[in-house]
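# Chains, contacts and geometry: an overview
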Amino acid sequence: MKAGIVGLPNVGKSTLFNCLSNAKAQSANFPFCTIEPNIGVVNVPDTRLQKLEELVNPERVLPATVEIVDIAGLVKGASKGEGLGNQFLGNIRETDAILHVLRCFDNDNIVHVDGSVNPIRDKETIDMELQLKDLETVDKKLEKVKRAAKTGNKEAQKEEAVLLKLKQGLEAGISVRAIEFSEDEHAEFVHPLQFITDKPVMYVCNVDEDAATTGNVYVEQVREAVAKENAEVIFLAVGTEADITELESYEERQMFLEDLGLTEPGSAKLIRGAYKLLNLETYFTAGVKEVRAWTIPVGATAPQAAGVIHTDFEKGFIRAEVIAYSDFVNFGSEAKVKEAGKMRVEGKEYIVKDGDVMHFRFNV
Ligand SMILES: Nc1nc2c(ncn2[C@@H]2O[C@H](COP(=O)(O)OP(=O)(O)OP(=O)(O)O)[C@@H](O)[C@H]2O)c(=O)[nH]1
Ligand SMILES: [Mg+2]
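Residues numbered from 1 in each chain as written. Chains lettered and ligands numbered in written order. Predicted model: local features only at pLDDT ≥ 70, side-chain atom pairs only at ≥ 80, totals over all residues. Heavy atoms only, no water.

## Considerations on the overall build of the protein
Short version of the rule: To qualify as a helix, a DSSP run of H or I must reach at least 4 residues; to qualify as a strand, a run of E must reach at least 2; elements of each kind are numbered from the N terminus. Throughout, radius of gyration means the C-alpha value; the globule benchmark is 2.2 Å times the number of residues raised to the power 0.38. What sets the accessible areas is the Shrake-Rupley method with a 1.4 Å probe; for residues, cover comes only from the shown protein chains. His is not counted, nor are the chain ends, whereas Lys and Arg count as positive and Asp and Glu as negative. Note on charges: their place is set at NZ of Lys, CZ of Arg, CG of Asp or CD of Glu.
Looking only at helices and strands, one finds 14 helices and 12 strands in the protein. Relative to the 2.2 N^0.38 estimate, which gives 21 Å for 364 residues, the radius of gyration of the protein is 23 Å and therefore close to what a compact globule would have. Approximately 18,300 Å² of the protein is accessible, and the part contributed by carbon and sulfur atoms is 49%. Placing the 42 positive and 59 negative side-chain charges of the protein at their respective mean positions leaves the two points 7 Å apart.

Here it is, written out as structure tokens:
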């Protein structure tokens, strides 16, 4: 699963990327600092994993991960080839969710490509470029479908109607996610085209240090502007957090966070938010060799969950032994859970719950 970072140049996208991932991206105070996309793997922070580690004492612990892509800043006209971002919009099309970074801090020393701090205007600039890119996709498809529709092909006619509705919406400045389609229409015609503006989005307001715990008026403006979008808005002192990430020891980092008034990095909240945005959940395996978090889509069945470990586990699935996370923690070990009769045996139809500790039985 992947999330892509978008925004104007010089708003702090690469700095955010650096807060999140161990891969270091170049960030500097000039527009178009990023040229080639930065791709990094981010651990999903989960305190349950630490708790399981304490109880099981395994050789190693592996958290769940999400992939993050940081691209060049987009500017007005990007969809027509202006700036650099356009060539990399393809990388964003391949992601599953969008993190839209908005500059919400004043600082005359940091260049703003449009001359002043105004997150609402910036958001509209970016939205429009993304919409124009999607419009390009619609137009290309429409050209093909039109011909088939003319010959009387019923399926093509249905598709043409959907495409025309998309075209009309996008031309009016509406993102695909806000254009209404039936579930079937969406699955059959909209989803396969991987529209950028159809992906779930989270607005990341980059605030200065003073606003790290409170937010500021820019954040309020953003909240108000996107209220109807049903999108997540979070704020984060990206620059400061990137500095904290640089510190060597956990204690030092924790101390600086506390100075800011935070108990955990805002980036942890962001990653969890992104995970939710992607409609993902976690189940655990907890053996003495390894305690590990595995990522599944919400609603996955036991065999599908097993398939995340290995396709053979899914194909040869017999049953799953399941312990609810809370039972594992309350009883303290797998053996004690079993003694208490709290371990369940589940079959193919079982819908995995977030936090389940699982063990699979399978044939190969
Ligand atoms: N004061 C302040 N400066 C910041 C903050 N976040 C980023 N910066 C600075 O802004 C400049 C641009 O940051 P980058 O992360 O390179 O910006 P970008 O969005 O990746 O820019 P492009 O790659 O050019 O599109 C750098 O000098 C950062 O140190 C912040 O929260 N506060
Ligand atoms: Mg950058």
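There is more to say, and it comes next.
## As for the environment of Asp-122
Defined as follows: Think of it in three bands: with a 1.4 Å probe and only protein chains considered, a residue is buried below 20% of the maximum accessible area for its type, exposed above 50%, and partly exposed in between. Contacts between residues were defined by any pair of non-hydrogen atoms, one from each residue, lying within 4.5 Å.
Tracing the backbone through its elements, the reader meets Asp-122 in helix 4 (residues 119-150). On the basis of relative accessible area, Asp-122 is assigned to the buried category, the value being 2%. When residues no more than four places from it in sequence are discounted, the contact partners of Asp-122 are Leu-8, Leu-102 and His-112.

## Some words on the packing of helix 4 against helix 5 (residues 154-171)
For any two helices packed against each other, one specifies the crossing angle of their axes together with the interaxial distance. Operational definition: Axis definition: a line fitted to C-alpha atoms, over the contacting stretch in the case of helices. Angles run 0 to 180 degrees between N-to-C directions. Throughout this description, any angle smaller than 35 degrees is read as roughly parallel, any larger than 145 degrees as roughly antiparallel, any in the 65 to 115 degree range as roughly perpendicular, and the remainder as oblique. A clockwise turn of the near helix away from the far one marks a right-handed crossing, whereas an anticlockwise turn of less than a right angle marks a left-handed crossing. When residue character is reported, Ala, Val, Leu, Ile, Met, Phe, Trp, Tyr, Cys and Pro are called nonpolar, Asp, Glu, Lys and Arg charged, and the others, Gly included, polar.
The contact between helix 4 and helix 5 brings their axes to 9 Å, and the two run at 155 degrees. Classed by the angle they form, the pair helix 4 and helix 5 counts as roughly antiparallel. As for how helix 4 packs across helix 5, the hand of that crossing is left-handed. Residues Gln-131, Asp-134, Leu-135, Val-138, Asp-139, Lys-141, Leu-142, Val-145, Lys-146, Ala-148 and Ala-149 of helix 4 form the contact with helix 5, whose own contacting residues are Ala-156, Gln-157, Glu-159, Glu-160, Leu-163, Leu-164, Leu-166, Lys-167, Leu-170 and Glu-171. Tallied by class, residues from the contact of helix 4 with helix 5 come to 11 nonpolar, two polar and eight charged.

## A short note on helix 8 (residues 238-246)
Here helix 8 has its buried residues at Val-238, Thr-240, Glu-241, Ala-242 and Ile-244. Looking at the packing, one finds that the buried side of helix 8 touches helix 1 (13-20), strand 6 (201-206), strand 7 (232-236), helix 9 (250-260) and helix 10 (266-277).

## Thoughts on the site of ligand 1
Heads up, the rule is: Throughout this document, a residue counts as near a molecule or strand when at least one of its heavy atoms sits within 4 Å of that molecule or strand. Polar contacts, as used here, are pairs of N or O atoms within 3.5 Å; protein pairs need one atom able to donate a hydrogen and one able to accept it. Residues neighboring in sequence count only if both atoms are side-chain atoms. As defined here, a cavity is a set of points on a 1 Å grid over the protein atoms alone where a 1.4 Å probe fits but cannot get out. A pocket is an open set with protein on both sides within 12 Å along at least five of seven lines, and residues line them when an atom is within 4 Å of a point. A molecule is counted as occupying a cavity or pocket when more than half of its atoms fall within 2 Å of that pocket's grid points.
Around ligand 1, the surrounding shell holds 24 residues, and the nearest of these are Asn-10, Lys-13, Thr-15, Phe-32 and Asn-206. Backbone polar atom of Gly-12 to an oxygen atom of ligand 1: 3.1 Å apart, as the coordinates give it. Ser-14 is positioned such that a nitrogen or oxygen atom in its backbone is 2.9 Å from an oxygen atom of ligand 1. Within the complex, the protein chains bury 88% of what would otherwise be the 650 Å² of accessible surface of ligand 1. Given that more than half its atoms are within 2 Å of the pocket grid, ligand 1 belongs to the second largest pocket. Counting residues per element, the ones that place at least two in the shell around ligand 1 are helix 1 and helix 8.

## A short note on the coordination of the magnesium ion (ligand 2)
Selection criterion: Only N, O and S atoms count as donors, using a 2.8 Å cut-off from the metal and 3.2 Å for Na, K and Ca, and because water is excluded some sites may appear unfinished.
In the first shell of the magnesium ion (ligand 2), the protein supplies Ser-14 (OG) and Thr-34 (OG1), at 1.9 to 2.1 Å from the metal. Of this pair, Ser-14 sits in helix 1 while Thr-34 sits in the loop between helix 1 and strand 2 (38-43), and the two are 20 residues apart along the sequence. On the basis of relative accessibility, which here comes to 10%, the residue Thr-34 falls in the buried class.

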